[in-house]
4 protein chains.
Amino acid sequence: MLPESNEDWIEQLLKLSDEEPKMTEKQTKILHAAIEIFAEKGYAAASTSEIAQKAGVAEGTIFRHYKTKKDLLLSIVLPIMAKLVAPFVLRNFTPVLEAKYTRYEDFLRSLIRNRLEFARQHLPMIKILMQEIPFHPDLQEQFKTEVMNEVLTRIKKVIVFFQQEGQIIPLPAATVVRLTASVIIGFLITRFLLVPEQEWDEEEEAETCIRFIMHGLATR
Amino acid sequence: MLPESNEDWIEQLLKLSDEEPKMTEKQTKILHAAIEIFAEKGYAAASTSEIAQKAGVAEGTIFRHYKTKKDLLLSIVLPIMAKLVAPFVLRNFTPVLEAKYTRYEDFLRSLIRNRLEFARQHLPMIKILMQEIPFHPDLQEQFKTEVMNEVLTRIKKVIVFFQQEGQIIPLPAATVVRLTASVIIGFLITRFLLVPEQEWDEEEEAETCIRFIMHGLATR
Amino acid sequence: MLPESNEDWIEQLLKLSDEEPKMTEKQTKILHAAIEIFAEKGYAAASTSEIAQKAGVAEGTIFRHYKTKKDLLLSIVLPIMAKLVAPFVLRNFTPVLEAKYTRYEDFLRSLIRNRLEFARQHLPMIKILMQEIPFHPDLQEQFKTEVMNEVLTRIKKVIVFFQQEGQIIPLPAATVVRLTASVIIGFLITRFLLVPEQEWDEEEEAETCIRFIMHGLATR
Amino acid sequence: MLPESNEDWIEQLLKLSDEEPKMTEKQTKILHAAIEIFAEKGYAAASTSEIAQKAGVAEGTIFRHYKTKKDLLLSIVLPIMAKLVAPFVLRNFTPVLEAKYTRYEDFLRSLIRNRLEFARQHLPMIKILMQEIPFHPDLQEQFKTEVMNEVLTRIKKVIVFFQQEGQIIPLPAATVVRLTASVIIGFLITRFLLVPEQEWDEEEEAETCIRFIMHGLATR
DNA sequence: GATGAATGAGCATTCATTCAT
DNA sequence: AATGAATGAATGCTCATTCAT
């Protein structure tokens, strides 16, 4: 479980998540079909006619709702990008953190659990996002601006805070972020992409990650 | 520099690397053009006519050397996959290791340096491999067999060896591999894909990674 | 100004012109939008959705009033064709003429002025008519029947009348009509299509046309 | 027959006319099919698949030779526009004229005969040119530049020359051109488009046109 | 009457692949 | 070995038209 005190921003995250409630039923079906097919064969190799078929609509119907195929991609990928950064960008992120988590370890625990849940719920969309970012400069731009700048600067503040507290080693904040993120993302990728079929004791593995990071970053 | 003692398998790696010495000049140009364009726009979005144009050959010439477009992809991606696993698969890998590296830390250092060099030399092909694996079951199969099975079992043996020596914590070998790989791959991705334009003190960053891993895995 | 004596058939023309007084406001807007867009891009290249948009109605509304796109075209083009021939077809045309215009020159003057006004008022519809006639056999048929037969035979009678009077040269009536029409239509096209932006002294140019025709047709 | 002295620029015109001798046989067939179909149904209403079918080639073949459908149109329409103005633009036009034709009437006779032949040979392409100019700003631009500017200024010089000789009435040159052109073009349109099926005594009609123009423009 | 979502045939264009030269 | 013209299936997208609301 996440600490109760954390619930407020999860709540906010969830609020963000029920996208476009005014979508017609056909539109929803198109979106779902597109997610499935884009995730399976990639954007470029997916054909709109296949999407239409899987969605059970006429091909023209896709283009009534999404001006172009690219538009359809963006309507999948932009919201997921927003949700990806949401937890870090909510305006009360830093103060809340500093007050709430007296230990880096608690911060990590909350983060991992939250991202595990996020990945479980949105796996296909995340796959699409990761696959397509390299080929779409506009997505890259958005990603760099929102993630690199917004998220990184906020997290770095948190890192510095814990460094000042003497909890973690005084490496450059960017390095600390990279090391931490590598371990967590490496876990998520292994869990959901590389070996998804295996039975995972997620609690146990999460704790192992945390301990590894904490010892790795401990002040000597 | 890599320690001299390591040179023998690097030598072997290099032997593997001058692939198909019997390639005509046009074929080489086709291959180079394909690598560039596949890396830039992805396999599915790349057109053979664009490749032909960039290679300065006629469209038909591509299909004289590579039966299909997929064939052209494989001729890029299979060799790079072979080279990716080469250092671990050379038949003398484990014994050599156990004798040579008395410390996990030295093993890591050698590994990181070697992979840095590998990534620097073959970045576009590695990009292509990573991008296309999810969409080609045959590549996945090959990857699982060669990397997951061959490489992992060998590395796990090394891990167990160092665990028995008491140098690293007695976690499941798979977990140790994952943690170690996450940090190293996370470094490589950040170095070459996320922030390639930045000036990197690779020696320094590599040592930071090593220290992080060593502390993270240290017996308590 | 047109000579008063001419007013009666102008009056009749005007009666014809307030077409379909029972049109709803939306229908009027559709018609206007269609005229504008057909004239601008041609019938085939105009899309009903663009017309709907410009008219400010829903796509379906067009088809409530006009069964097909072709229907919409006809509802523009047929009335303008009727008005085009109206002055010549009014049943009292010939007798009136013979009585009224004692000189061919007066007939021409009245004709030019009237057609100038007609072109000024209905330019876009005339453009559409001219553009589409070659591609619609039904329009051609209508045009040949109404214009070639009806109008030509009546005008020829007038010509013969003036030839018998010795005012104009005894060429075949068809030739006289062609020469006269060429000059007048050539003027109208230059005035409204080729060089519409120029300041035109229409009175002066009309008189020049008349003098040219009269000298050209004068009995030697 | 055209006066021998005129043969040199006709010769030049014909030289211009054997367009692109390096066309493959399929390309020729595509071009001919396109001319036929564009003339019959108009550019916008013609489909490339219909053209391909009539040409007896695969649809893709069209696009190997002409990047776009518009390209195909231009490859028909630009050469015909060039040929349309060729007789007037040949660099020796004015001097030759002034020396050769001592009477406006002879100039007209030569012009009419030449344009009759031109229309007879290239009727479908001329139809296409006339139909499409209103809808393609780039064609309009080209037309205005080449025809309006180049041709008109040259012809005006000729007109002024004959006016100074006292052969024709001192109206504005533009007006003289318009009157003359109206009569000739009116004849051509009637001959080839309105009543092509009729037996025409072209010599006789041409002389009638010339006499009409000469009397119309005679100094009083 | 008016709407606008839905349709599916049709469009221009691209593409991997073939083959005669 | 190399070419490049030719292919025809497939693609993303548009369009006139229908119909339930």
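Note on numbering: residues in each chain are counted from 1, in written sequence order. To label them, take the chains in the order written and letter them from A, then take the ligands in the order written and number them from 1. Residue-level local features of this predicted model are given only where pLDDT is at least 70; pairs of side-chain atoms are given and counted only at 80 or more, and the full residue set underlies all totals for whole chains, interfaces and linings. Processing note: side-chain calculations cover all non-hydrogen atoms of the structure and skip hydrogens and water entirely.

Peer 1: Help me understand the pattern of salt bridges in this model?
Peer 2: Two side chains that carry opposite charge are able to pair once their charged atoms sit near each other. By salt bridge we mean one thing: a side-chain nitrogen of Lys or Arg within 4 Å of a carboxyl oxygen of Asp or Glu. The tally for this structure, following the rule as stated, stands at 62 salt bridges over all chains. When the shortest N-O distance is used, the salt bridge between Lys29 of chain A and Glu25 of chain A registers 3.6 Å. Placement of the pair is Lys29 of chain A and Glu25 of chain A together in helix α2 (residues 25-41), with a separation of 4 residues, close to one helical turn. We note a salt bridge from Glu205 of chain D to Arg178 of chain C, for which the minimum N-O separation is 3.0 Å. With Glu205 of chain D in helix α10 (residues 202-217) and Arg178 of chain C in helix α9 (residues 173-194), this pair bridges two chains. Note on accessibility: Glu205 of chain D and Arg178 of chain C belong to one class, buried. Each of Arg103, Glu105, Asp106, Arg109 and Glu207 of chain A takes part in a single network of salt bridges with overlapping partners. By the criteria applied, helices consist of DSSP H or I runs no shorter than four residues and strands consist of E runs no shorter than two, each listed in order from the N terminus. Each residue gets one of three labels from its accessible area relative to the maximum for its type: buried under 20%, exposed over 50%, partly exposed in between, using a 1.4 Å probe on protein chains only.

Peer 1: Sorry if this is basic, but what is going on with a nonpolar patch on the surface here?
Peer 2: Residue and element names in this part refer to chain D. A cluster of nonpolar residues, Met130, Ile185, Ile189, Leu193 and Leu194, forms a patch on the protein surface that exposes about 380 Å² of accessible area. The greatest single-element share of the nonpolar patch, amounting to 4 residues, is contributed by helix α9 (residues 173-194). For Leu194, the location among the structural elements is in helix α9. Under the relative-accessibility criterion, Leu194 is labelled partly exposed at 34%. Each patch is built from residues lacking any salt bridge and having more than 30% relative accessible area; the joining distance is 9 Å for like charges and 5 Å for nonpolar side chains (Val, Leu, Ile, Met, Phe, Trp, Tyr). The method behind every accessible area is Shrake-Rupley, applied with a 1.4 Å probe, and residues are considered shielded solely by the protein chains displayed.

Peer 1: Just to check I follow, could you spell out the relation of the copies chain D and chain C for this structure?
Peer 2: For these two chain copies, the linking operation is a rotation about an axis paired with a shift along it. Here the copies were fitted onto each other by least squares, based on C-alpha atoms from residues at pLDDT of at least 70 in both. Relative to chain C, chain D is turned by 180° and slid 0.0 Å along the rotation axis, the superposed coordinates differing by an RMSD of 0.1 Å. Both copies of the chain, as the preceding transformation shows, are related through a two-fold rotation axis. Measuring from the rotation axis to each C-alpha of chain D, the shortest distance belongs to Gly216 of chain D, at 2.0 Å. Contacts were defined at the residue level, with two residues in contact if any of their heavy atoms lie within 4.5 Å. A shared binding surface is used by both copies, with 100% of the interface residues of chain D retained as interface residues in chain C.

Peer 1: Help me understand the confidence of the model for chain A in this model?
Peer 2: As a general rule, the predicted coordinates of low-pLDDT regions are not to be interpreted in detail. When pLDDT is averaged along chain A, the result is 88; 89% of the residues meet or exceed 70. Scored from 0 to 100, pLDDT records how confident the predictor is in each individual residue. Low pLDDT, under 50, characterises residues 1-14 of chain A; the stretch is placed with 24 contacts to residues that sit more than four places away or in other chains.

Peer 1: I tried to follow the protein's contact with DNA strand E on my own but got confused; where do I start?
Peer 2: It suffices for a single heavy atom of a residue to lie within 4 Å of a molecule or strand for the residue to be listed as near it. Lining the immediate surroundings of DNA strand E are 32 residues, of which Thr61 and His65 of chain A, Thr48 of chain B, Thr61 of chain C together with Lys69 of chain D lie closest. At the protein interface, 60% of the atoms of DNA strand E within 4 Å belong to sugar or phosphate. Separating a phosphate oxygen of DNA strand E from a side-chain N or O atom of Thr61 of chain C is a distance of 2.6 Å. For the surface near DNA strand E, the secondary structure elements donating two or more residues are α4 (59-65) of chain A, α4 (59-65) of chain B, α4 (59-65) of chain C together with α4 (59-65) of chain D. Residues adjacent in sequence count toward polar contacts only when both atoms are side-chain atoms; beyond that, a polar contact is any pair of N or O atoms within 3.5 Å, and within protein one must be able to donate a hydrogen and the other to accept it.

Peer 1: Explanation requested: helix α2 (residues 25-41) of chain D in the structure shown.
Peer 2: What sets the pattern is the α-helix's 3.6 residues per turn: residues three or four places apart point alike. Residue and element names in this part refer to chain D. The end-to-end C-alpha separation of α2 is 24 Å, in line with the 24 Å expected for 17 residues at 1.5 Å each. Every buried residue of α2 is accounted for by Gln27, Ile30, Leu31, Ala33, Ala34, Ile35, Ile37, Phe38 and Ala39. Where the residues of α2 are buried, they touch α3 (48-55), α4, α5 (69-89) and α7 (104-132). N-capping of α2 is provided by Thr24, with a side-chain oxygen placed 3.0 Å from the backbone N of Lys26. Positioned one or two residues after α2, Gly42 has a phi angle of 90°, which is positive. The span you would expect from a helix comes to 1.5 Å times its residue count less one.

Peer 1: In this structure, what is going on with the protein's contact with DNA strand F? I would like to understand it.
Peer 2: Contacts to DNA strand F come from 33 residues, most closely from Lys69 of chain A, Thr61 of chain B, Thr48 of chain C together with Thr61 and His65 of chain D. Within 4 Å of the protein, the contacting atoms of DNA strand F are 59% sugar and phosphate, with bases supplying the remainder. Note that a base nitrogen of DNA strand F is positioned 3.2 Å from one of the backbone N or O atoms of Gly60 of chain B. Listed by contribution, the elements that provide at least two residues to the surface near DNA strand F are α4 of chain A, α4 of chain B, α3 (48-55) and α4 of chain C together with α4 of chain D. Here the surface near DNA strand F is composed, by residue class, of 8 nonpolar, 17 polar and 8 charged. By the convention adopted, Pro, Cys, Tyr, Trp, Phe, Met, Ile, Leu, Val and Ala count as nonpolar, Lys, Arg, Asp and Glu as charged, and the other residues, Gly among them, as polar.

Peer 1: Got a minute to help me understand the packing of helix α7 (residues 104-132) of chain A against helix α10 (residues 202-217) of chain A in this structure?
Peer 2: The angle between the axes and the distance between the axes are what describe a pair of packed helices. All names here are of chain A. Note on geometry: axes are C-alpha line fits, over the in-contact stretch for helices, and angles between N-to-C directions span 0 to 180 degrees. The contact between α7 and α10 brings their axes to 10 Å, and the two run at 140°. Classified by the angle their axes make, α7 and α10 are oblique. Considering only the axes of α7 and α10, their crossing is right-handed. Where α7 abuts α10, its residues Tyr104, Glu105, Leu108, Arg109, Ile112, Arg113, Leu116 and Arg120 lie against Glu202, Glu203, Ala206, Glu207, Cys209, Ile210, Ile213, Met214 and Leu217. Of the residues in the contact of α7 with α10, the class split is 10 nonpolar, no polar and 7 charged. Our angle categories are set so that under 35 degrees counts as roughly parallel, over 145 as roughly antiparallel, 65 to 115 as roughly perpendicular, and the remainder as oblique. The sense of a crossing depends on the near helix, which, turned anticlockwise from the far helix by less than a right angle, makes the crossing left-handed and, turned clockwise, makes it right-handed.

Peer 1: Looking at this structure, how should I read the nonpolar core?
Peer 2: The nonpolar side chains of soluble globular proteins are, as a tendency, buried together. Ranked by size, the top nonpolar core spans 140 residues in total, and within it Phe38 and Tyr104 of chain A together with Phe38 and Tyr104 of chain B carry the most contacts. For the purposes of this section, nonpolar cores are sets of buried Ala, Val, Leu, Ile, Met, Phe, Trp, Tyr and Cys residues that join through side-chain atoms within 4.5 Å. Core analysis: the second largest hydrophobic core is formed by 138 residues, Ile76 and Ile133 of chain C together with Val85 and Val147 of chain D among them.

Peer 1: Whenever I open this one, the interface of chain D and chain C confuses me. Can you help?
Peer 2: A common way to state how big an interface is: give the accessible area lost once the parts meet. Taken together, the contact pairs 33 residues of chain D with 34 residues of chain C. Once two parts are put together, the accessible area they lose, assessed with a 1.4 Å probe and summed over both, is termed the buried area. Sorting the residues of chain D by area buried against chain C places Phe135, Arg178 and Phe212 of chain D first, and these three jointly supply 27% of that buried surface. Here chain D and chain C share 2 salt bridges between them. Scanning the region where chain D abuts chain C turns up 4 residue pairs in polar contact (both at pLDDT 80 or more). Contributions of two or more residues to the side of chain D that touches chain C are made by α2, α8 (137-164), α9 and α10 of chain D. Split by residue class, the side of chain D that touches chain C holds 17 nonpolar, 9 polar and 7 charged.

Peer 1: Just to check I follow, could you spell out the packing of aromatic side chains for this structure?
Peer 2: Both the distance between ring centres and the angle between the ring planes are used here to describe each pair of aromatic rings. Only Phe, Tyr and Trp rings take part, Trp by its six-membered ring, and two of them pair if their centres are within 6.5 Å. Stacked means planes under 30 degrees apart, edge-to-face means over 60, and tilted covers everything else. On inspection of all chains with the given rule, the structure shows 22 aromatic pairs over all chains. Measuring from centroid to centroid gives 5.9 Å for Tyr104 of chain C and Phe107 of chain C, while their planes differ by 35°, and the two rings are tilted. A residue pair is termed a helical-turn pair when its members lie 3 or 4 positions apart in one helix, as Tyr104 of chain C and Phe107 of chain C do in helix α7 (residues 104-132) at 3 residues. Put simply, the rings of Tyr104, Phe107, Phe161 and Phe162 of chain A pair up and form one aromatic cluster. The lysine or arginine in question, Lys69 of chain A, covers the ring of Tyr43 of chain A, its NZ or CZ lying 4.5 Å from the ring centre. Two thresholds decide whether a charge sits over a ring: the Lys NZ or Arg CZ must be within 6 Å of the ring centre and within 35 degrees of the ring normal.

Peer 1: What's the story with the UniProt feature "DNA-binding region" (unreviewed entry) in chain A in this structure? I'm lost.
Peer 2: Following the UniProt record, one finds the feature "DNA-binding region" (unreviewed entry) at residues 47-66 of chain A. Taken end to end, residues 47-66 of chain A is 75% helix and 0% strand, and its two terminal C-alpha atoms sit 14 Å from one another. UniProt positions are given in the numbering used here, feature names are shortened, and annotations may be inferred rather than shown by experiment.

Peer 1: How should the side chain of Arg191 of chain D be read in this particular structure?
Peer 2: All names here are of chain D. Tracing the backbone shows Arg191 in helix α9. Taking the relative accessible area as the measure of exposure, Arg191 reaches 13% and is therefore buried. In this structure Arg191 touches Leu116, Arg120, Pro196, Trp200 and Glu202, once residues within four positions along its chain are discounted.

Peer 1: Before we go on, may I ask you to explain the packing of helix α2 (residues 25-41) of chain B against helix α5 (residues 69-89) of chain B in this structure?
Peer 2: All names here are of chain B. Between α2 and α5, whose axes approach to 10 Å, the crossing angle comes to 90°. With respect to each other, α2 and α5 are oriented roughly perpendicular. Contacts between α2 and α5 involve Ile30, Leu31, Ala34, Ile35 and Phe38 from the former and Lys69, Leu72, Leu73, Ser75 and Ile76 from the latter. Looking at the contact of α2 with α5 residue by residue, the classes come out as 8 nonpolar, 1 polar and 1 charged.

Peer 1: What's the story with the side chain of Gln163 of chain A in this structure? I'm lost.
Peer 2: Residues and elements named next belong to chain A. Along the chain, the position of Gln163 falls in helix α8 (residues 137-164). Since its relative accessible area comes to 17%, Gln163 is described here as buried. A distance of 2.9 Å separates a polar side-chain atom of Gln163 from the backbone oxygen of Ile169. Excluding residues within four positions of it along the chain, Gln163 makes contact with Ile168, Ile169, Pro170, Leu171 and Val176.

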